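# Examining the three-dimensional arrangement
Each chain, letter by letter, is given below.
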There are 2 protein chains.
Amino acid sequence: MTNNFELSNNERLVMDVLGRENSPKSAYMILDELRGSGFRAPLQVYRALEKLIGMGRVHRLESLNAFIACNHISCEKTGGTAFVICNRCEHVQEVCDDSVSLFLSGLAKKTKFKASKTSIELHGICDACEDA
Amino acid sequence: MTNNFELSNNERLVMDVLGRENSPKSAYMILDELRGSGFRAPLQVYRALEKLIGMGRVHRLESLNAFIACNHISCEKTGGTAFVICNRCEHVQEVCDDSVSLFLSGLAKKTKFKASKTSIELHGICDACEDA
DNA sequence: CTTTGGTATGTTATAACATAACATTAAATA
DNA sequence: TATTTAATGTTATGTTATAACATACCAAAG
């Protein structure tokens, strides 16, 4: 990989799979989708994911052991991102605004903590599923 | 189990392991600690953990795939709990106050979402480790 | 007392998620 | 071209979690 803008072949393939829909996928789901493109082993997926996460192009959802494409220009600049995950339709809303970063910085201050990684995930029922 | 105050034998054993220190343990670490007490299979641990989590006596840390005893009287009454986890000493601070519940309720309102389960986890360096 | 039904438990096997260790390929440049 | 560096491939294994089925225990109904 020469820089953060160009993707290697495997990275592009993984990015394409995650980019097709805004839904979380496990590494093994991605692997299965890419067998036709020559993928054979989990590491091929995990290595690409690691890079993509480093670039801020993909997020890991800890509570699902799954991955999702970032739908912002970039989340790196903000203080953090919150994921709101519908248990019924599996749709994920990605929230990354001042309320999130203020909450996180307040929490860090209160606990005298230097955070390097944060995870905020809500599970429940989204508006569309609630109405249905 | 007759009620939420009494624990079954296995539940008490698992609770004891988690209660001994305020540090997160994986299900398999717990299993190993309980082999001397007759535990032989992961399910014995997972089933006990499930009950203890339901009672609010234990929390699951999603980002660690680990479990920790609740160090409040009860976290059930609040809107949620945030975990602040030091990557160096592994100490976990459990924060469950208005700032957390207000943040979560605000986020739910903004995203038109009914949350049934939340996870807030920060990783980084705690004050003690920073100074050291 | 004994049958019935619920809850807890035990056991085996396997699914699902993740990484270590090492071999190979390919591209960049001295 | 020789060197080295990044990317990739491959095998094996480690780690986390649950499915499926069997057994034990106890309490209430008959």
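What you are looking at is a predicted structure, and each value in this text was computed from that prediction instead of being measured. (Residues numbered from 1 in each chain as written. Chains lettered and ligands numbered in written order. Predicted model: local features only at pLDDT ≥ 70, side-chain atom pairs only at ≥ 80, totals over all residues. Heavy atoms only, no water.)

## What to know about the nonpolar core
- With 28 residues, the main nonpolar core has A:Phe103, A:Ile120, B:Phe103 and B:Ile120 as its most contacted residues.
- Secondary structure elements with two or more residues in this core: strand S3 (82-86), helix H4 (98-110) and strand S5 (113-126) of chain A together with strand S3 (82-86), helix H4 (98-110) and strand S5 (113-126) of chain B.
- Residues within four places of B:Ile120 in sequence aside, it is in contact with A:Phe103, A:Ser119, A:Ile120, B:Thr81, B:Ala82, B:Phe83, B:Val100, B:Phe103 and B:Leu104. (Core = buried A, V, L, I, M, F, W, Y, C linked by side-chain atoms within 4.5 Å. Buried < 20%, exposed > 50% of the residue type's maximum accessible area, 1.4 Å probe, protein only. Helix = DSSP H or I, 4+ residues; strand = E, 2+ residues; numbered from the N terminus. Contact = heavy atoms within 4.5 Å.)

## Quick notes on the interface of chain B and chain A
- Every contact between the two is made by 35 residues of chain B and, on the other side, 35 residues of chain A.
- When the buried area of chain B at its contact with chain A is split by residue, B:Phe103, B:Phe113 and B:Leu122 rank highest and sum to 21% of it.
- Our enumeration of links across chain B and chain A arrives at 2 salt bridges.
- Across the chain B-chain A interface, the total number found is 16 residue pairs in polar contact (both at pLDDT 80 or more).
- Contributions of two or more residues to the side of chain B that touches chain A are made by S3, strand S4 (92-95), H4, S5 and helix H5 (127-131) of chain B.
- Per-element accounting of the side of chain B that touches chain A gives the leading share, 14 residues, to S5(B).
- Looking at side-chain class alone, the side of chain B that touches chain A contains 15 nonpolar, 11 polar and 9 charged residues.
- Pairing between S5(A) and S5(B): 13 bridges, direction antiparallel. Across the sheet, residue A:Ala115 finds its bridge partner in S5(B), namely B:Gly124. (Buried area = accessible area lost by both parts, 1.4 Å probe. Salt bridge = Lys/Arg side-chain N within 4 Å of Asp/Glu carboxyl O. Polar contact = N/O pair within 3.5 Å; in protein donor to acceptor, adjacent residues only side chain to side chain. Nonpolar A, V, L, I, M, F, W, Y, C, P; charged D, E, K, R; others polar. Pairing = 2+ DSSP bridges.)

## Quick word on the domain arrangement of chain A
Residue and element names in this part refer to chain A.
- Along its sequence, chain A is organised into domain 1 (9-69) and domain 2 (82-131).
- The gap between the C-alpha centroids of domain 1 and domain 2 is 21 Å.
- Every contact between the two is made by 10 residues of domain 1 and, on the other side, 10 residues of domain 2.
- Summed over both sides, the interface of domain 1 with domain 2 buries roughly 770 Å², with 56% coming from carbon and sulfur.
- Of all residues in domain 1, the largest losses of buried area upon contact with domain 2 belong to Asn22, Leu61 and Glu62, amounting jointly to 44% of the total for that side.
- The tally of links between domain 1 and domain 2 comes to 1 salt bridge.
- Across the salt bridge formed by Lys117 and Glu62, the nearest N and O atoms sit 3.4 Å from each other.
- Across the contact surface, domain 1 and domain 2 share 5 residue pairs in polar contact (both at pLDDT 80 or more).
- For the side of domain 1 that touches domain 2, the secondary-structure elements that each account for two or more residues are strand S1 (58-61) and strand S2 (66-69). (Domains from an automatic or database assignment.)

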